[in-house]
Amino acid sequence: GGIQWVAYDTTSVANLLDVTAGLDVRSWLADDWMGRVQLDFDSARLGGEAFRTAWQLRPSLTWRESEVTATELGVSFAVADYAFPLPASLDRDALSYAVDLTQHFSIADGKLRALVGGFARWDVADGEEFNGHSAGLRAGVAARLPAKIEAEVLYALIADESDHAS
């Protein structure tokens, strides 16, 4: 979970407050297989007013090929509810679902980790303007720091395509 507070160049004060919380449960199912379930909540306020509420559920299965590599297959389901009124065709309330495949690498006895993977996502919104699909690639590294702190850098390249001509 976390809090993000963003100030845009056109405003003199921060005007977006985005609060997230999550639950991540992992369990070894067999010697080389791990199951995982993630549940995330996101609440955003814009200019002090409610903007968006979203929930996401992501179960996954990981196969550990060796002491240094593992492959994770995940699916996710998300719902988003936007609080501002719009014409029906512009309604962003949506159900999204996705599938992802990620290769994980453990380096230096787990003190450094890397990942590379891809994903596909489909969005089905109440308004046809926001129906679409996406495909993406991601790569990242994470390092274990003192005091049980972990630093992570993740880069994603995403191609979005709308199902609507406008």
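Look up a bit, the structure's there.
Residues numbered from 1 in each chain as written. Predicted model: local features only at pLDDT ≥ 70, side-chain atom pairs only at ≥ 80, totals over all residues. Heavy atoms only, no water.

Participant: Teacher, can you tell me more about the overall build of the protein here?
Facilitator: A tally of helices and strands in the protein yields zero helices and nine strands. Sequence-distant contacts in the protein: of pairs separated by 6 or more residues, those separated by 24 or more amount to 41%. Accessible surface for the protein amounts to roughly 11,100 Å². Of this, 62% is attributable to carbon and sulfur atoms. Measuring between centres, the 13 positive side-chain charges of the protein sit 10 Å from its 25 negative side-chain charges. (Helix = DSSP H or I, 4+ residues; strand = E, 2+ residues; numbered from the N terminus. Contact = heavy atoms within 4.5 Å. Areas by Shrake-Rupley, 256 points an atom, 1.4 Å probe, with all protein chains shown as cover. Lys, Arg positive; Asp, Glu negative; His and termini not counted. Charge placed at Lys NZ, Arg CZ, Asp CG, Glu CD.)

Participant: Help me understand the pattern of salt bridges in this model?
Facilitator: Close approach of charged atoms lets side chains of opposite charge pair. The full count for this structure, using the stated rule, is 12 salt bridges. Residues D24 and R26 are paired through a salt bridge, measuring 3.3 Å at the closest nitrogen-oxygen approach. A salt bridge links E150 to R113; the shortest N-O distance between them is 2.4 Å. Within this pair, whereas E150 is found in strand 9 (residues 149-162), its partner R113 is found in strand 7 (residues 112-125), the two being separated by 37 residues in sequence. Residue class for R113 comes out partly exposed when judged on its relative accessible area of 34%. Residues participating in the shared-partner salt-bridge network are D24, R26, R36, R58, E72, D100 and R138. (Salt bridge = Lys/Arg side-chain N within 4 Å of Asp/Glu carboxyl O. Buried < 20%, exposed > 50% of the residue type's maximum accessible area, 1.4 Å probe, protein only.)

Participant: Just to check I follow, could you spell out the side chain of D123 for this structure?
Facilitator: Locating D123 in the fold gives a position in strand 7. For D123, a relative accessible area of 16% translates into the label buried. Of note is the side chain of D123, whose polar atom sits 2.5 Å from the side chain of S96. (Polar contact = N/O pair within 3.5 Å; in protein donor to acceptor, adjacent residues only side chain to side chain.)

Participant: What is the right way to look at unusual backbone geometry in this model?
Facilitator: Backbone geometry places D109, a non-glycine residue, at a positive phi of 55°. Looking at the element boundaries, D109 is found in the loop between strand 6 (94-107) and strand 7. Classification of D109 as exposed rests on a relative accessible area of 78%.

Participant: So what exactly am I meant to see when it comes to the pairing of strand 4 (residues 49-64) here?
Facilitator: Two faces belong to every sheet, and in a regular strand the side chains alternate between them. Summarising the sheet, strand 3 (residues 33-46) and strand 4 pair through 14 bridges and their orientation is antiparallel. Note that in strand 4 the partner of R45 across the bridge is A50. Here strand 3 folds back onto strand 4, and the loop between the two strands holds two residues, one of which, G47, carries a positive phi near 60°. Relative to strand 5 (residues 69-82), strand 4 runs antiparallel, the two being bridged by 11 bridges. (Pairing = 2+ DSSP bridges.)

Participant: Just checking my understanding: could you explain the nonpolar core for this structure?
Facilitator: Considering soluble globular proteins, one finds that nonpolar side chains tend to be buried as a cluster. Core analysis: the biggest nonpolar cluster contains six residues, these being L16, A44, F51, A54, A80 and Y82. Broken down by secondary-structure element, the contributors of at least two residues to this core are strand 4 and strand 5. Those residues within four positions of A54 in sequence are excluded, and the remaining contacts are D40, F41, D42, V79 and A80. (Core = buried A, V, L, I, M, F, W, Y, C linked by side-chain atoms within 4.5 Å.)

Participant: Whenever I open this one, the environment of L57 confuses me. Can you help?
Facilitator: Residue placement: L57 occurs in strand 4. Each C-alpha atom, one on L57 and one on F105, is 24 Å from the other, the two residues being 48 residues apart in sequence. Beyond its immediate sequence surroundings of up to four residues, L57 is in contact with V37, Q38, L39, V75, S76 and F77.

Participant: What am I meant to see in the packing of aromatic side chains here?
Facilitator: How two aromatic rings sit relative to each other is given by the distance of their centres and the angle of their planes. Counted by the stated rule, this structure contains four aromatic pairs. Consider the rings of F41 and W55, whose centres lie 4.7 Å apart with planes at 55°: the pair is tilted. Taken together, the residues span a long stretch of sequence, with F41 in strand 3 and W55 in strand 4 at a distance of 14 residues. Taking the relative accessible area as the measure of exposure, F41 reaches 27% and is therefore partly exposed. Centroid distance F51 to Y82: 5.6 Å. Interplanar angle 90°. Geometry classified as edge-to-face. Within this pair, whereas F51 is found in strand 4, its partner Y82 is found in strand 5, the two being separated by 31 residues in sequence. This pair shows no difference in class: F51 is buried, exactly as Y82 is. (Phe/Tyr/Trp six-rings, centres within 6.5 Å; stacked < 30°, edge-to-face > 60°.)

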